[in-house]
There are 2 protein chains.
Amino acid sequence: MPTAENFRWVEETVSPLSGGRILVQTIYLSVDPYIRGRMRNVRSYAPPLELDQVIEGGVVGRVVESKHPDFRPGDFVTGRLGWQDYAICDTASLRKLPNNPALLPAALGVLGMPGLTAYFALLEVGKPRSTETVVVSGAAGAVGMIVGQIAKLKGCRAVGIAGSDEKVRYLTEELGLDAGINYRKTENLRRALKDACPNGIDIYFDNVGGPISDAAITLIRLHARIIICGQISLYNLEKPEMGPRNAAYLLVNRARMEGFLVHDYVGRSQEGIEQLTSWVKSGQIKHRETIVVGLEKAPEAFLGLFRGENIGKQVVQVADLNGKLLSAGAKK
Amino acid sequence: MPTAENFRWVEETVSPLSGGRILVQTIYLSVDPYIRGRMRNVRSYAPPLELDQVIEGGVVGRVVESKHPDFRPGDFVTGRLGWQDYAICDTASLRKLPNNPALLPAALGVLGMPGLTAYFALLEVGKPRSTETVVVSGAAGAVGMIVGQIAKLKGCRAVGIAGSDEKVRYLTEELGLDAGINYRKTENLRRALKDACPNGIDIYFDNVGGPISDAAITLIRLHARIIICGQISLYNLEKPEMGPRNAAYLLVNRARMEGFLVHDYVGRSQEGIEQLTSWVKSGQIKHRETIVVGLEKAPEAFLGLFRGENIGKQVVQVADLNGKLLSAGAKK
């Protein structure tokens, strides 16, 4: 498990802008579990972070200065920048956001990478059919909260697994899932899942891995799909835990387990954002962000992800919409 | 592990034939690992065998008596019958075989269920592309020997894992695989696989499960496919062994692990048999059967599968082509 001591606060002067680039001030910063994978020196889909490198993170920001004709000071943008107050960047990786303050943090959640992950992973890998049963782990997290709701929109029975009674209430009372299970209070998770899924599991959307997934996989049905989207329960293990081998469940049920990375759908993100935006605006998909204030809280917010402290998308608010730095960061 | 004591020899009088049915004498009998799954009282793709039930098995037989216009005494047929000298059966599940004595046992191997398994699982689930690397476990078994050769025909690098030096020689010297690994003599299987697969593994065709698969899965490449066709190393465990959780490999590589059962391709078996027959006749696919003689040897031959005693398809020859019972069975 990383600690606050693994992070360092560094101040530097902002360099002058060269042509075509823009200066963005961070308003909201996303902290994401996948960053943990980049904090170790092993091959993965992205190279490891270098020591002393600024940590990468999704940002919603405000253009402060622009040497690009399409971007003007005051525009809101989102892109993968870093855990910092200001960033100088190319515009290629930025997307302009509508000037809608209420939806700005959502650009890091339901209307951003986590929403697109839920959308493409569930629909393209899972291919849910109505009346099927979808189980999602990490169900009250940034991705999970969207998965359960899209499953409902597609006519499925949706069951969420989460780590607190409050989260379970959120899933069933606010988001409309058919059942929720607090795995921390459940003695026999397999039995609880079986009760919640009387017909078995057609799609298991896995954000967590470990014993929760072990239990779910024992209940898959013929031609089930298991979407491996995250394995957050394993990211901080000092050495790999062993688990029951489950390939025989795939064999018997001719089921499929498949890894998913939203990056592979980058060419279709426009389509995903439009659909998710329309669902959000019509109220068919609800969303929540857990917001902490101050850039200096980023490490704490990040570490809190592994303790399941967030409901919905965990966001750090670094500045207000006018660019005033918030909290301790404001004094620096 | 089952023992010879779990089997019983029973003699009964053959009942008279009713209309539309035929009496088939077993010439060759197939023993198959999947039967082990039916010897336990758990849900699977087929119901468990009842106590005292005749064990089901693929048979190549000779029609002895027929009340069906399309079948005449002396015709050779194949179908899923049982571990018995004679069977009365409907014709719906039977397929007539050409009168080609040399290829009759192959109707239980390369030109039967194992061949179709290799064919459809590799081509439809694996979808190999030329220059990809295919690793197959149980490579000298009935399914594995065909998988490696089809991989070569498709232009892939083919690597086989088997349990003896003799099998490895068979794979590389007779079947033309690029490399073979005797897992019983290899201290570090992962390293041996890495040496044999310098570009990593694109398709892992799994017949065995367990530690061999654990090692292979650590070497999968981007968009790899893992075909779960058998898990023979696990079928006789008294309680499930634990293994390293491997979903993170799927996640990072956006890889897919999928269970396969040839039954799902029954509608295309004609196509598969024709292609395999053409490859066999042209010499592009070689095959081998390990044949033991005498129906009373069926339990021993079956148990030998789990010790890896067979090269290629394990067959029991029950009678000669003229119907003379062979071995001890002949005296009964």
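Everything quoted here is computed from the prediction, not taken from an experiment. All residue numbers refer to positions counted from 1 along the written sequence of the respective chain. Chains carry letters and ligands carry numbers; both start at the beginning, A for chains and 1 for ligands, and go up in the order they are written. Given that the model is predicted, a residue must reach a pLDDT of at least 70 before its local features are reported, and side-chain atom pairs must reach 80 or more before they are shown or counted; all residues, however, enter totals for whole chains, interfaces and linings. Values reported for side chains reflect all heavy atoms of the structure, with hydrogen atoms and water molecules removed beforehand.

Q: If you had to explain the overall build of chain A to someone new, which residues and values would you point to?
A: Here a helix means four or more residues in a row that DSSP labels H or I, a strand means two or more in a row labelled E, and each is numbered from the N terminus. Helix and strand counts for chain A come out as nine helices and 14 strands. It is over C-alpha atoms that the radius of gyration is taken, and the globule rule equals 2.2 Å times the number of residues to the power 0.38. Its C-alpha atoms give chain A a radius of gyration of 20 Å, within 12% of the compact-globule value 20 Å for 332 residues. With the C-alpha coordinates of chain A rotated into their principal frame, the extents come out at 60 × 45 × 35 Å. Residue burial in chain A is summarised as follows: out of 332 residues, 56% are buried. For chain A, restricting intrachain contacts to residue pairs at least 6 apart in sequence, the fraction spanning at least 24 positions comes to 69%. Counting every atom, chain A has about 14900 Å² of accessible surface; 49% of that belongs to carbon and sulfur. Residues scored as positive are Lys and Arg, those scored as negative are Asp and Glu, and His as well as the terminal groups of each chain are ignored. For this purpose, a charge sits on NZ of Lys, CZ of Arg, CG of Asp or CD of Glu. With 40 positive and 35 negative side-chain charges, chain A shows a separation of 4 Å between the mean positions of the two kinds. Per-residue accessibility, obtained with a 1.4 Å probe over protein chains only, is compared with the maximum for each type, and a residue is labelled buried under 20%, exposed over 50%, and partly exposed between these values. Contacts are assigned to residue pairs with any non-hydrogen atoms lying within 4.5 Å of each other. Surface accessibility in these figures is a Shrake-Rupley result with a 1.4 Å probe; residues are shielded only by whichever protein chains are displayed.

Q: I'd love a proper account of the interface of chain B and chain A, names of residues and values included.
A: Taken together, the contacts link 34 residues of chain B with 34 residues of chain A. Interface of chain B and chain A: buried area, both sides summed, is about 2900 Å²; carbon and sulfur atoms make up 57% of it. By convention, the term buried area covers the 1.4 Å-probe accessible surface removed from two parts as they join, with the contributions of both added. Of all residues in chain B, Arg245, Leu251 and Arg254 of chain B bury the most surface against chain A, accounting for 28% of the area lost on that side. What counts as a salt bridge is simple: a side-chain nitrogen of Lys or Arg found within 4 Å of a carboxyl oxygen of Asp or Glu. Counting every contact that joins chain B to chain A gives six salt bridges. Arg245 of chain B is paired through a salt bridge with Glu241 of chain A; the nearest N and O atoms lie 2.9 Å apart. Nitrogen and oxygen atoms within 3.5 Å of one another constitute a polar contact, given that in protein one can donate a hydrogen and the other can accept it, and given that sequence-neighbouring residues count only through two side-chain atoms. Between the two partners, chain B and chain A, sit 10 residue pairs in polar contact (both at pLDDT 80 or more). Residue assignment for the side of chain B that touches chain A shows that the elements contributing at least two residues are helix H6 (210-217), strand E10 (220-228), strand E11 (242-244), helix H7 (247-253) and strand E12 (256-259) of chain B. Here the side of chain B that touches chain A takes six residues from H7 of chain B, the largest share from any one element. Looking at the side of chain B that touches chain A residue by residue, the class counts come to 18 nonpolar, eight polar and eight charged. Amino acid classes used here: Ala, Val, Leu, Ile, Met, Phe, Trp, Tyr, Cys and Pro are nonpolar; Asp, Glu, Lys and Arg are charged; the rest, including Gly, are polar.

Q: Residues and numbers for the packing of aromatic side chains, please.
A: Stacked, edge-to-face and tilted labels apply to pairs of Phe, Tyr and Trp rings (six-membered ring for Trp) whose centres lie within 6.5 Å, assigned for plane angles under 30 degrees, over 60, and everything in between, in that order. Under the counting rule described, the total for this entry stands at 16 aromatic pairs over all chains. Aromatic side chains Phe7 of chain B and Trp83 of chain B sit 5.7 Å apart centroid to centroid with 10° between the ring planes, which places their arrangement in the stacked category. In this pair, Phe7 of chain B sits in the segment before strand E1 (22-30) while Trp83 of chain B sits in the loop between strand E3 (76-82) and strand E4 (86-89), placing the two residues 76 residues apart along the sequence. The class of Phe7 of chain B is buried, set by a relative accessible area of 16%. Overall, the relative accessible area of 12% leaves Trp83 of chain B in the buried class. Aromatic pair Trp83 of chain B and Phe302 of chain B: ring centres 5.7 Å apart, planes at 70°, arrangement edge-to-face. Separated by 219 residues along the polypeptide, Trp83 of chain B in the loop between E3 and E4 and Phe302 of chain B in helix H9 (residues 298-306) bring together distant segments of the chain. Here the aromatic residues Tyr119, Phe120, Phe260, Tyr265 and Trp279 of chain A are joined through ring pairs into a cluster of three or more. The rule for a charge over a ring is simple: NZ of Lys or CZ of Arg within 6 Å of the ring centre, and within 35 degrees of the ring normal. Above the plane of the ring of Phe71 of chain A lies Lys96 of chain A, whose end atom (NZ or CZ) is 5.3 Å from the centre.

Q: Provide a residue-level description of the relation of the copies chain B and chain A, including the pertinent values.
A: To line up the copies, we fit them by least squares on C-alpha atoms, keeping just the residues with pLDDT of at least 70 in both. Superposing chain B onto chain A takes a rotation of 180° plus a shift of 0.0 Å along the axis, which leaves an RMSD of 0.0 Å. Considering both components of the superposition, the chain copies are consistent with a two-fold axis. Taken as a fraction of all interface residues of chain B, those also at the interface in chain A reach 100%, which identifies the copy contact as same-surface.

Q: Please set out the domain arrangement of chain A residue by residue, giving values where relevant.
A: All names here are of chain A. Where each domain begins and ends is defined by an automated method or by a domain database. What the domain assignment reports for chain A is domain 1 (4-108 + 289-317) and domain 2 (113-263). Centre-to-centre separation of domain 1 and domain 2, based on C-alpha positions: 28 Å. Across the domain 1/domain 2 interface, buried area totals approximately 1200 Å², and carbon plus sulfur atoms make up 62% of it. On the domain 1 side of the interface with domain 2, the three residues burying the most area are Phe306, Ile311 and Gly312, jointly 35% of the side's total. Taken together, the links from domain 1 to domain 2 amount to four residue pairs in polar contact (both at pLDDT 80 or more). Of all the secondary-structure elements, those providing two or more residues to the side of domain 1 that touches domain 2 are helix H1 (34-38) and helix H9 (298-306).

Q: Describe helix H2 (residues 113-126) of chain A, with residues and values.
A: All names here are of chain A. Among the 14 residues in H2, 12 count as buried, and that is most of the element. Looking only at H2, the buried set comprises Pro114, Gly115, Leu116, Thr117, Ala118, Tyr119, Phe120, Ala121, Leu122, Leu123, Val125 and Gly126. Lys127 lies just past H2 and shows a positive phi near 45°.

Q: Summarise a nonpolar patch on the surface; cite the residues concerned and give the values.
A: Surface patches are defined over residues having more than 30% relative accessible area and no salt bridge, joining like charges when they lie within 9 Å and nonpolar side chains (Val, Leu, Ile, Met, Phe, Trp, Tyr) when within 5 Å. There is a patch of nonpolar side chains on the surface, built from Val14, Val64 and Tyr86 of chain A and spanning about 220 Å² of accessible area. Mapped onto the fold, Tyr86 of chain A is located in strand E4 (residues 86-89).

Q: How would you explain the nonpolar core if you had to name every residue and give the values?
A: With 131 residues, the main nonpolar core has Leu193, Tyr204 and Phe302 of chain A together with Leu193 and Phe302 of chain B as its most contacted residues. Non-local contacts of Leu193 of chain A, meaning those with residues more than four positions away in its chain, are made with Val135, Ile161, Ile181, Ala215, Ala216 and Leu219 of chain A. Think of a nonpolar core as a cluster: buried Ala, Val, Leu, Ile, Met, Phe, Trp, Tyr and Cys residues, connected wherever their side-chain atoms sit within 4.5 Å.

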